[in-house]
Amino acid sequence: MARLFALLQYLIPQHLLSRLVGRLADSRIGWIKNSFIQLFHRIYDINMNEALEPDLKAYPSFNAFFTRALKPGARPIDPDPSRLVCPADGAVSQLGPIDYGRIFQAKGHNYSLTTLIGGDMDLAKEFQNGQFATIYLSPKDYHRVHMPVDGRLRQMIYVPGDLFSVNNATVSEVPNLFARNERLVAIFDTAHGPMAMILVGAMIVAGIETVWAGQVAPKLRSVEQVDYTGNSNTKADPIVLAKGDEMGRFKLGSTVILLFGEDQIEWLQQYGSGTATRLGEPLAQSHPTADEQALTPTETDEAING
């Protein structure tokens, strides 16, 4: 059945279907949006007690409901500066080392690091022999993505692509899935080296947003890069986000991939394929260099902010 489901996705108009669903999810017609919200709430048993707005009918659209905010304190952020936290509610699909520029997808499948981040070989070298984690957000999960660690945005790269589903059945059947789907790559400089946060689009995902640029997908069918360092013609205002800050969101569910450089972090032992994640809980331990260990908090902030 998984193979048949994957095969059907090659045949259907992925982008057209996703954009049509997106328009429906943005509808502000009362009976349409309320019917979809109530049906979704019933099917997935959404916990509205932790939502900032618990009234289902108060949301102006299905997308507003799907990307709902949580009450303050609903997801405490681990304060230990040596620990990186889970960026989202979800489940680990895979995590581990980046071997010879390849990232493990599922049994029998891996894909290119360079292709994943948009084809920039120099950028890929920063993560060579580093670590990756792939976190899947199911429809029932909270769909805002937050920072695992303090970071200064260096670059944002939009990469066009397909819109295969990212559920386990499809991941196990479609080669190079995460390196072929539409995605948004955000490169941050942190006290623990470079970090990539990659928001992967998927079937019927109506859009990907960031807190600094608004909706960034879907876009045109070409790679688009924006520099946030002030060193290029496409420069933008500097963006610095603290650990636990929101960085983006999905309009309908998908996947977040984290990348770190060599000898920078180590995933905590309790995490493996299928392990649930909860925003703010410890995910990894940093491997500070001797210089980093000697930094004061002020110097660490200066290392991030330049």
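Residue numbering note: each chain is counted from 1, following its sequence as written. Note on the predicted model: pLDDT of at least 70 is required for a residue's local features to be given, and 80 or more for side-chain atom pairs to be given and counted; whole-chain, interface and lining totals, by contrast, use all residues. Side-chain figures throughout are based on the complete set of non-hydrogen atoms in the structure, without hydrogens or water.

1. Thoughts on the overall build of the chain
- Each helix and strand in the chain was counted, giving 9 helices and 18 strands.
- Relative accessibility decides the category of a residue: with a 1.4 Å probe and only protein chains considered, values under 20% of the type maximum give buried, values over 50% give exposed, and everything between is partly exposed. Burial statistics for the chain: of 306 residues in total, 51% are counted as buried.
- For the chain, the accessible area works out to roughly 14100 Å², and carbon and sulfur atoms hold 54% of it. Helix numbering and strand numbering both begin at the N terminus, where a helix is a DSSP run of H or I of at least 4 residues and a strand a DSSP run of E of at least 2. For accessible areas, the Shrake-Rupley method is used with a probe of radius 1.4 Å. Any residue's cover is judged against the shown protein chains and nothing else.

2. Remarks on the sheet that holds strand β1 (residues 83-85)
- At least two DSSP bridges between two strands are needed for those strands to be called paired. Here we have 3 strands laid out as an open sheet, ordered β1-β18-β16, and antiparallel in their pairing. Either end of the sheet is taken by a strand with one partner, and the two such strands are β1 and β16 (265-267). Neighbour-to-neighbour, the strand axes of this sheet turn through a mean angle of 35 degrees, independent of strand direction.
- In this sheet, strand β18 (residues 282-286) lies alongside β1 in antiparallel orientation, the contact comprising 3 bridges. Bridge assignment links V85 to a residue of β18, and that residue is P282. Interaxial angles span 0 to 180 degrees and are taken between N-to-C directions of axes, which are lines fitted to C-alpha atoms, for helices over the stretch in contact.

3. What about a nonpolar patch on the surface?
- A patch consists of residues whose relative accessible area exceeds 30% and which take part in no salt bridge; residues with like charges are grouped when within 9 Å of each other, and nonpolar side chains (Val, Leu, Ile, Met, Phe, Trp, Tyr) when within 5 Å. Salt-bridge detection follows one rule: a side-chain nitrogen of Lys or Arg within 4 Å of a carboxyl oxygen of Asp or Glu. Judged by side-chain polarity, L4, L7, L8, Y10, L11, I12 and L17 come together as a nonpolar surface patch covering roughly 650 Å² of accessible area.
- It is helix α1 (residues 2-11) that contributes the most residues to the nonpolar patch, 5 residues altogether.
- Topologically, I12 is positioned in the loop between α1 and α2 (14-25).

4. Some words on the nonpolar core
- Formed by 38 residues in total, the largest nonpolar core has its most connected members in L184, F188, M197, W212, M247 and W267.
- Throughout, a contact is declared for two residues whenever any of their heavy atoms are within 4.5 Å. Discounting chain neighbours no more than four positions away, the residues touching L184 are M156, I157, Y158, M197, I198, L199, I208, T210 and V216.
- Core analysis: the next-biggest nonpolar cluster, separate from the first, contains 28 residues, I103, F164, I198 and L259 among them. Side-chain atoms within 4.5 Å are what join buried Ala, Val, Leu, Ile, Met, Phe, Trp, Tyr and Cys residues into a set we call a nonpolar core.

5. Description of unusual backbone geometry
- With phi around 50 degrees, D45 is a residue other than glycine that occupies positive phi space.
- By secondary structure assignment, the location of D45 is in the loop between α3 (30-44) and α4 (62-66).
- For D45, a relative accessible area of 64% translates into the label exposed.
- Residue Y100 is not a glycine yet carries a positive backbone phi of 50 degrees.
- For Y100, a relative accessible area of 77% translates into the label exposed.

6. Section: the side chain of H146
- Residue placement: H146 occurs in strand β6 (residues 144-146).
- Whenever two N or O atoms come within 3.5 Å, that pair is a polar contact, provided that in protein one can donate a hydrogen and the other can accept it, and provided that, for residues adjacent in sequence, both atoms are side-chain atoms. In terms of polar contacts, H146 uses its side chain to reach the side chain of Y142, at 2.9 Å.
- Within the structure, the side chain of H146 is placed 2.8 Å from the backbone oxygen of G244, a separation counted as a polar contact.
- Every residue in contact with H146, bar those within four places of it in the chain, is listed here: P87, M197, G244, D245, E246, M247 and L279.

7. A look at the pattern of salt bridges
- In this structure the tally under the stated criterion is 10 salt bridges.
- A salt bridge links R144 to E246; its shortest N-O distance comes to 3.3 Å. Residue R144 is located in strand β6, and its partner E246 is located in strand β14 (residues 246-251); the two are separated by 102 residues in the primary sequence.
- Accessibility expressed as a relative area gives 15% for R144, which makes it buried.
- The salt bridge partner of D189 is R154, with a shortest N-O separation of 2.7 Å. A residue pair is termed long-range when its members are at least 10 positions apart, and D189 in strand β8 (residues 183-190) and R154 in strand β7 (residues 151-159) qualify at 35 residues.
- For D189, a relative accessible area of 26% gives the class partly exposed.
- You can call R154 buried: its relative accessible area is 17%.
- Overlapping salt bridges bring together R144, E209, E246 and R249 as one network.

8. Observations regarding the side chain of D78
- Mapped onto the fold, D78 is located in the loop between α4 and β1.
- Discounting residues that sit within four places of it in the chain, D78 has contacts with R83, V85, K243, G280 and P282.

9. Looking at the confidence of the model for the chain
- Averaged over all residues, the pLDDT of the chain equals 88, while 87% of them reach at least 70.
- Predicted confidence is poor over residues 290-297, with pLDDT under 50, and the contacts of this stretch with residues over four places away or in other chains come to 8 contacts. Per-residue confidence from the predictor is reported as pLDDT, a score between 0 and 100.

10. Notes on the packing of aromatic side chains
- Pairing of aromatic rings covers Phe, Tyr and Trp, the last through its six-membered ring, and needs centres within 6.5 Å; plane angles under 30 degrees mean stacked, over 60 mean edge-to-face, and all others mean tilted. Inspection of the entire model under this criterion finds 11 aromatic pairs.
- The side chain of R68 reaches across the aromatic face of F65, ending 4.9 Å from its centre. Whether a charge sits over a ring comes down to the Lys NZ or Arg CZ being within 6 Å of the ring centre and within 35 degrees of the ring normal.

11. Some remarks on the environment of F104
- Looking at where F104 falls in the secondary structure, it is placed in strand β3 (residues 102-106).
- For the pair F104 and A133, spaced 29 residues apart in the sequence, the C-alpha separation amounts to 9.6 Å.

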